[in-house]
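Here is how the chains run, residue by residue.
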Amino acid sequence: MTGGHAPGASNAFDAARRALRGLVVAATVRIHRPVVGYALEEPDTFLGSGFFVAPNWVLTCAHVACGGEGGEVAVVYETAPGRGTSAAPGRVVATLPDRADVAGRALPAGNWPAPDLALVQLTAPVDDHECVYVSERPAAYYGEGRVLYAGWTENEGRLQVLDGTLTVQGTIGGWSSDVQMRLGDNDLPYGVSGGPVIDPERGEVIGVLKARSDHRPGGTSTGIEQLRTLRVPAEVAAEHSDLYQAVFHAHDRYHRDRQRHPASRRQTWTDVQGRLGARPGRTLSPDERIQLLGRLAELPPPESTRGLLDILDSLPDFQALTPLPAPRGWRDGLGALYESASDDGALELVLDYAMRAMSAPRPFVVPSTPDAERALWVWVWQAAQRLGARYRSGLAEQRVERLRRRDEAEHAAPDTVSGGIHPTDGAGGRRRHRRGGPDARARARSVGSVARPSALLELVRRGWEPDRCDWSVSVAAPGGEVVRLHQAERTALADLPTHLAGPLGEAFRHCDEPGRPALLQVALPHALLGLEVDNWQLTPGEEPLGALRPVVVRCSDRDLLPDEAFGAYGGGEPGGTAAADRGDGAGGAEGADDLDHLDYLDDLDAERRARWRWLHTHRAKAEVLDCDEGLRQPVPTVEQLRALSHGTVPVLCRYGDLRYEDDAEALARIVLGGYGVALWRRRRGRADAVCGEFHRGTIDGIAEPPTAQHLPEAVHDLRMRLRAGRTESFWADGVALLYDDPHQPLPGAGDLLEAP
């Protein structure tokens, strides 16, 4: 019986599997300590396995690569079966997590924190090695079945390469950005960590063997898409500025060039994928895909992850959820299309994406960029021949229009660095690259960060464990849509920066644009509004968050504020009249009071929105509430605060100092007074320290921007100047900004991380 295959089909498929195995083994390397000569054949110097992911680039596990000395390793590989091994020196250039993040921690061998990946760059050129083909789809989409693996191990005193199959038995981490696959049904000997994990149906590497299990056959693997979380450089002036883009552009160009090499008779990964019957995105052949990826890799990368996500969102037929980690390069965007493609519209979806990539804004251009755009257009036009004449005609018109709009935008965009004059690369008049990020003051005068997607961190204090909290990280769109990326429970407040480094990094990548770091909103209960989030360092040696991007706080328990704050109305309850004073004993009094209270809250909410609208159409005015020329004074009652003009921004000078009311109550009164914008500083000096400079600085700083929309950038600018040692900004040490938009309510109020 043939099982539904034509006679001979099974044999052809098995032959393709054997060819795939040969390609995998040829690209799999072993990692040694940096020694010379015959010592490279000694098991004592052997650290583990890895594989060539691009010419002169090796991917392995961090716990393998960092077993060398000072980040230096030796990479041993075979150029072809039976030709013996060769060795090349290598240097660890990146790890995930970063080596600095785990410095000082005791990490048993093979037990690095996830994702436990390392990139090794050869320090001497090698041109006779095979490279694996890396999937552009996240490993999380690989649900079940069997995978192939390869690696090196010691066998009878000799180092030998081996390969085999494993079953996928589930995941660790669920639908999150740090998902790992659980693998079983085969023993994984010592040394195979760092080797590739391959989807045998599509002929693509999808993961890296991370660890073997101590109590059952098998182990775990890390999805290769975790490399998307490599650190994003502040400025991308060339392809090599961004390690991720450099490696995968080289990967895609290598496989494209290998496929079209006229003198080679070796089987390529693309050939084998075709024999396996792979059909990327239900519409492309493996050859069409690699030709497309090769052309995309000739272009400069997307300006940012945010820009790439906007391109995907603009596709009329794109409906899939954004995978985690979010796509970062052109190949990642193509892979994201696969889950959305339908049989009857798959090709149009790919072509629409390619057209947008061809005409997208560039972080830089090089002399070959126009040729790369033309080459991509040639591919699109050839692929469109399978479609109707109407669609092809629309493509041609679309190309002209897209390029025209991009050129107009480039010439119209103000250059805050060079006074409106764009640096060009000659006769073409095209920008080469940005010479540096725009000045924060200039950004504050353009489109504020609040008008763009932002990162949202929500903290919920555990009442029975006040030193711990539950938290979540999300991406918030200006229109109010919130997409949660990560959440956790029972994290110690003191340990929050360490736990948040990865999730916040992913959220920032979703939102940041070149030279324009996204806003971080931190939703806190009123008792934690003084938490110094802006001073957190997510990784050792990194600048504080507040110096890297605008950071604001929001009040998450506005509707649950304590009685003592309500008691500050002057009458004892909201509305200003104590219930006992009514004294009429009427049976319906309680119900009437409830209705009055609801009416009062409605009025307060309307006031809050009116204040917000006024502040965002007019200049604001600072009002220092708790200090009069250095003399402490009580914060006004809620009713007194409500009486202040709509253009008022309350300022607290004595936060953290001895005062008439505690800090939490002072902030609660401001929140209950209907204010969505307020500023305070955390006092670190003596109670009798002079504060005149702070008063003058806030009055001028708050009134300078045209509207309150630009206050997050203005405060960020102050923090950067403070960090740079600019004396004129020292008055702003410890400043914090409440910026709580009533038109964008926090998601899931009251049910964040509710236990089952």
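Please read these numbers as outputs of a predicted model, since none were measured by experiment.

Parameters and conventions
Residues numbered from 1 in each chain as written. Predicted model: local features only at pLDDT ≥ 70, side-chain atom pairs only at ≥ 80, totals over all residues. Heavy atoms only, no water. Salt bridge = Lys/Arg side-chain N within 4 Å of Asp/Glu carboxyl O. Helix = DSSP H or I, 4+ residues; strand = E, 2+ residues; numbered from the N terminus. Buried < 20%, exposed > 50% of the residue type's maximum accessible area, 1.4 Å probe, protein only. Phe/Tyr/Trp six-rings, centres within 6.5 Å; stacked < 30°, edge-to-face > 60°. Lys NZ or Arg CZ within 6 Å of the ring centre and 35° of its normal. Pairing = 2+ DSSP bridges. pLDDT = per-residue confidence, 0-100. Contact = heavy atoms within 4.5 Å. Axes fitted to C-alpha atoms, helices over the stretch in contact; angles between N-to-C directions. Expected span 1.5 Å × (residues − 1). Arc of directions from axis to C-beta.

1. Details of the pattern of salt bridges
Alright, step 1. All chains considered together, the criterion is met by 46 salt bridges.
Alright, step 2. Between R306 and D310 there is a salt bridge, with the nearest N and O atoms lying 2.9 Å from each other. With R306 and D310 both in helix α6 (residues 305-314) and four residues apart, the pair spans about one turn of that helix.
Alright, step 3. Take R306: its relative accessible area is 8%, and that puts it in the buried class.
Alright, step 4. D717 is paired through a salt bridge with R721; the nearest N and O atoms lie 3.0 Å apart. Residue D717 and its partner R721 are located together in helix α19 (residues 711-723), separated by four residues, close to a single helical turn. Across the pair, R721 and D717 agree in class, each one buried.

2. A look at the packing of aromatic side chains
The relative placement of two aromatic rings is captured by the distance of their centres and the angle of their planes.
Alright, step 1. In the structure shown here, the tally under the stated rule is eight aromatic pairs.
Alright, step 2. A centroid spacing of 5.6 Å and a plane angle of 85 degrees characterise the contact between F52 and Y77, whose relative ring orientation is edge-to-face. Taken together, the positions of F52 in strand β2 (residues 46-54) and Y77 in strand β4 (residues 72-78) put the pair 25 residues apart, joining distant regions of the chain. This pair shows no difference in class: F52 is buried, exactly as Y77 is.
Alright, step 3. Considering the side-chain rings of W330 and Y353, the 6.4 Å spacing of their centres and the 70 degrees angle between planes classify their relative orientation as edge-to-face. Note that W330 is positioned in helix α7 (residues 330-338) and Y353 in helix α8 (residues 346-358), a separation of 23 residues in sequence. In this pair, the class of W330 matches that of Y353, namely buried.
Alright, step 4. The residue whose ring lies beneath R30 is W152, and the NZ or CZ to ring-centre distance is 4.8 Å.
Alright, step 5. The aromatic ring of Y133 is capped on one face by R331, whose charged end is 5.9 Å from the ring centroid.

3. A closer look at the pairing of strand β21 (residues 648-652)
Moving residue by residue along a regular strand, the side chains alternate between the two faces of the sheet.
Alright, step 1. β21 sits mainly inside the fold: five of its five residues count as buried.
Alright, step 2. Taking every second residue as pointing to the same face, both faces of β21 are buried, with T648, P650 and L652 on one and V649 and V651 on the other.
Alright, step 3. As defined by bridge partners, strand β18 (residues 621-624) adjoins β21 across four bridges and the pair is classed as parallel. Counted as the bridge partner of K621 is T648 from β21.
Alright, step 4. Pairing geometry for β21 and strand β22 (residues 677-681), over two bridges, is parallel. Bridge pairing links L652 to W680 in β22.

4. Observations regarding the confidence of the model for the protein
Alright, step 1. In this model, the protein carries a mean pLDDT of 81, and residues with pLDDT of at least 70 account for 79%.
Alright, step 2. In the model, residues 414-446 has pLDDT below 50 throughout and makes 69 contacts with residues more than four positions away in sequence or in other chains.

5. Overview of the environment of R289
Alright, step 1. Relative to the assigned elements, R289 resides in helix α5 (residues 286-296).
Alright, step 2. Relative accessible area serves as the criterion here: at 1%, R289 is assigned to the buried category.
Alright, step 3. Linking R289 and R279, residues ten residues apart in sequence, is a C-alpha distance of 9.1 Å.

6. Description of the pairing of strand β5 (residues 85-96)
Alright, step 1. Alignment of β4 against β5, held across seven bridges, turns out to be antiparallel. Paired with V73 across the bridge in β5 is G90.
Alright, step 2. Looking at chain direction, β5 and strand β6 (residues 117-122) are connected through six bridges and run antiparallel. Across the sheet, the residue bridging to A94 is L119, located in β6.

7. Some remarks on the sheet that holds strand β3 (residues 57-60)
Alright, step 1. Within the closed barrel, the six strands sit side by side as β1-β2-β3-β6-β5-β4. Their pairing is antiparallel. For this sheet, the mean angle separating the axes of adjacent strands, direction not counted, is 40 degrees.
Alright, step 2. Relative to β4, strand β1 (residues 28-32) runs antiparallel, the two sharing three bridges. Across the sheet, residue I31 finds its bridge partner in β4, namely V75.
Alright, step 3. Contacting β2, β3, β5 and β6, helix α3 (residues 243-259) runs over the sheet at an angle of about 70 degrees to β2.

8. Focus: α19
Alright, step 1. In this model α19 runs 18 Å from its N-terminal to its C-terminal C-alpha over 13 residues, within 8% of the 18 Å that 1.5 Å per residue would give.
Alright, step 2. Of all the 13 residues making up α19, ten are buried; the element is thus mostly covered by neighbouring parts of the structure.
Alright, step 3. Those residues of α19 that sit buried are L711, P712, E713, A714, V715, H716, D717, L718, R719 and R721.
Alright, step 4. Where α19 terminates, the next one or two residues include G725, which has phi positive at roughly 80 degrees.

9. Overview of helix α9 (residues 369-383)
Alright, step 1. Helix length check: α9, at 15 residues, gives a terminal C-alpha distance of 21 Å against a target of 21 Å (1.5 Å per residue), a fit within 8%.
Alright, step 2. Taken together, the buried positions of α9 are occupied by T369, A372, E373, L376, W377, W379, V380 and A383. Seen from one end, α9 has its buried residues packed into an arc of 160 degrees, which puts them on one side.

10. Here's the deal with unusual backbone geometry
Alright, step 1. Residue P97 is reached from L96 by a cis peptide bond, and omega for that bond is -5 degrees.
Alright, step 2. Summarising the element assignment, P97 is placed in the loop between β5 and β6.
Alright, step 3. Cis geometry marks the peptide bond from A114 to P115; its omega dihedral reads 5 degrees.
Alright, step 4. With respect to the secondary-structure elements, P115 resides in the loop between β5 and β6.
Alright, step 5. With a phi angle near 60 degrees, D116 is a residue other than glycine that sits in the positive phi range.
Alright, step 6. Positioned with a positive phi, E156 is a non-glycine residue whose angle comes to about 55 degrees.
Alright, step 7. Secondary-structure assignment places E156 in the loop between β7 (146-155) and β8 (158-172).
Alright, step 8. The exposure class of E156 is exposed, given its relative accessible area of 78%.

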